[in-house]
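# Summary of structural features
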Amino acid sequence: MLKDSIQTLMAQVKEIQANNAEELEALRIKYLSKKGEITALFNEFREVPNDQKRELGQLLNQLRQETEGRLAELREQLGERLEASGERLDLTRTPDPIALGTRHPLSLVREEIEDIFSRIGFTIAQGPEVEDDKHVYGMLNFAPEHPARDMQDTFFIEKEIGVQKPTDVLLRSHTSSVQTRVMTSQKPPIRVLCPGRVYRNEAISARAHCFFHQVEGLYIDKNVSFADLREALLYFSKEMFGPETKIRLRPSYFPFTEPSAEMDISCNICGGTGCSFCKGTGWVEILGCGMVDPNVLEACGIDSKVYSGYAFGMGVERITNLKYRVKDLRLFSENDVRFLKQFESC
Ligand code: PHE
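No experiment lies behind these values; they were computed from the predicted model shown. (Residues numbered from 1 in each chain as written. Predicted model: local features only at pLDDT ≥ 70, side-chain atom pairs only at ≥ 80, totals over all residues. Heavy atoms only, no water.)

## Topic: the sheet that holds strand β4 (residues 169-171)
The following threshold applies: One bridge is not enough; two strands pair if DSSP finds at least two bridges between them. Helix and strand assignments come from DSSP, with helices taken as H or I runs of at least 4 residues and strands as E runs of at least 2, each series counted from the N terminus.
On the basis of which strands lie adjacent, the open sheet formed by three strands has the order β2-β4-β3 and antiparallel pairing. Looking along the sheet, the strands with just one partner apiece sit at the ends: β2 (130-132) and β3 (155-156).

In structure tokens, the structure reads:
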């Protein structure tokens, strides 16, 4: 009997439950789809004698409304549950932003150095990290047995693996090698900045590493003087560390420059009054520099009677250390995201 079937389904529908969207959909299909149980009753209804149509029609409509209502109720409950557990699928929501990597502090500082010098006409030059003795030392006025090769703690590369014999292939220990390459391939005026990674055979500690990064500069033209060098370095220091920064040049020695100097800046941590960082002196050393030795110009095919030039070189880690107070060099190459993330807004 149709009436019994309606009543049975009515009782059933009141009890239905759904744990997830699939179960809910299965219920809809079971009762209301084209082949659903309630639809089947509507089909049966067509055969009902006229005098019963009114009553059964009402009951059937009630059953359908009841079912639709119950399904809507379940859908709502399900939504609330998912929302509470944070699982709600909202297709209109803006997707989570993709986590972007951050700039490495050494890249930030290197780019800043490049930017500062590019404003006074320097362009970037690059060269190989695996070099030969000639470009790293020979053309830079290092005598064949010059102890500086040891002083720089060079990594030599064996040409034949396992066969130890004297070799002139090495990992560059400074980017001055790029300068020799530029000087032999370009004619003055030359104004280049040579950023890059360099290698030295040093025990790894908080203050030393077997590789680090340098930016060296070279300017060659007619009448280039030490005063030009000093002016360029003062400009750089003020741009990098602030307009209050002072510089001081101390006589030093490099085989490829004469005269040579080391440059200190007034300690940017205490402002020059003396602190533990500058060991109470108020000054911190940041680079080496000097006038390019005429022997170097000649070795590179540049007439030292016509041209003169200056060169300087600094460690990017050292500058980063001063700028961002990173005390341990090893942090730069450990790829610890907690360290790197701190430079997100820089
Ligand atoms: N090449 C030197 C170094 O690696 C730095 C330097 C460059 C000094 C140019 C003077 C002039 O220590």
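## Some words on the side chain of histidine 135
Stated formally: Categorising residues by exposure relies on relative accessible area from a 1.4 Å probe, with only protein chains included: less than 20% of the type maximum marks a residue as buried, more than 50% marks it as exposed, and the intermediate range marks it as partly exposed. Pairs of N or O atoms within 3.5 Å make up the polar contacts considered here, provided that, within protein, one atom can donate a hydrogen while the other can accept it, and that residues adjacent in sequence are counted only when both atoms are side-chain atoms. The criterion used for residue contact is that any of the two residues' heavy atoms lie within 4.5 Å.
Along the chain, histidine 135 falls in helix α6 (residues 133-136). Among the residues examined, histidine 135 registers a relative accessible area of 9% and is labelled buried. Here aspartate 132 takes part through its side chain, which lies 2.8 Å from a polar atom of the side chain of histidine 135. In terms of polar contacts, histidine 135 uses its side chain to reach the side chain of arginine 181, at 3.4 Å. Ignoring sequence-local partners within four residues, the contact set of histidine 135 consists of Leu140, Ser176, Ser177, Thr180 and Arg181.

## Concerning the packing of helix α1 (residues 2-15) against helix α3 (residues 37-45)
Here is the rule: Note on definitions: angles span 0 to 180 degrees between N-to-C directions of axes, and those axes are lines fitted to C-alpha atoms, for helices only across the stretch in contact. For classification, angles of less than 35 degrees are called roughly parallel, those exceeding 145 degrees roughly antiparallel, those between 65 and 115 degrees roughly perpendicular, and all remaining angles oblique. Each crossing gets its hand from how the near helix is turned against the far one by less than a right angle, where anticlockwise is left-handed and clockwise is right-handed. Only Asp, Glu, Lys and Arg are considered charged in this grouping, and only Ala, Val, Leu, Ile, Met, Phe, Trp, Tyr, Cys and Pro are considered nonpolar; every other residue, Gly among them, is considered polar.
Between α1 and α3, the least distance of the axes is 11 Å, while the angle of their chain directions is 160°. The angle between α1 and α3 falls in the class roughly antiparallel. Our pair here, α1 against α3, has a crossing hand that is left-handed. For the pair formed by α1 and α3, the contact residues are Leu2, Ser5, Ile6, Leu9 and Gln12 on the first element and Glu37, Ile38, Leu41, Glu44 and Phe45 on the second. Across the contact of α1 with α3, the residue classes break down as six nonpolar, two polar and two charged.

## Brief notes about the packing of aromatic side chains
Selection criterion: A pair of Phe, Tyr and Trp rings is counted when the ring centres sit within 6.5 Å of each other, with Trp represented by its six-membered ring. The angle between the planes then sorts it: under 30 degrees is stacked, over 60 is edge-to-face, the rest tilted. Over a ring means this: the NZ of a Lys or the CZ of an Arg is within 6 Å of the ring centre and within 35 degrees of the ring normal.
Per the stated rule, a full pass over the model turns up 13 aromatic pairs. For the pair phenylalanine 117 and phenylalanine 236, a centre-to-centre distance of 5.1 Å together with 20° between the ring planes defines the contact as stacked. Pair noted here: phenylalanine 117 is in helix α5 (residues 105-118) and phenylalanine 236 is in helix α9 (residues 226-241), with a separation of 119 residues, a long-range link. Each member of the pair, phenylalanine 117 as well as phenylalanine 236, is classed as buried. Taking NZ or CZ as reference, lysine 53 lies 5.7 Å from the ring centre of phenylalanine 45, over its face.

## Some remarks on the packing of helix α2 (residues 21-32) against α3
Look at α2 against α3: their axes get within 3 Å of each other, and the N-to-C directions meet at 10°. On the basis of the axis angle, α2 is roughly parallel to α3. Between α2 and α3, the contacting residues are Lys30, Tyr31 and Leu32 on the first element and Glu37, Ile38 and Thr39 on the second. Its residues assigned to classes, the contact of α2 with α3 comprises three nonpolar, one polar and two charged.

## Digging into the layout of surface pockets
Gaps between atoms show up when a probe of the same size as a water molecule is rolled over them. Just so we agree on the cut-off: Two kinds of site are reported from a 1 Å grid over the protein atoms alone, namely cavities, where a 1.4 Å probe fits but cannot get out, and pockets, open sets with protein on both sides within 12 Å along at least five of seven lines, and residues are called lining when an atom falls within 4 Å of a point. Grid points are joined across faces, edges and corners, and a volume is the space filled by probe spheres set on the points.
Roughly 1,300 Å³ of internal volume is contained in the largest pocket. Around the largest pocket, the lining comprises 43 residues; the ones closest to its centre are Phe212, Glu285, Ile286, Gly315 and Arg318. If you tally residues by element for the lining of the largest pocket, the top one is strand β9 (residues 283-292), at seven residues. Roughly 250 Å³ of internal volume is contained in the second largest pocket. The wall of the second largest pocket is formed by 14 residues, among which His104, Leu106, Arg197, His213 and Glu317 lie closest to the centre. Contributions of two or more residues to the lining of the second largest pocket are made by α5, β5 (190-199), β6 (211-221) and α11 (316-324). No other element matches α5, which puts three residues into the lining of the second largest pocket. Residue composition of the lining of the second largest pocket, by class: five nonpolar, six polar and three charged.

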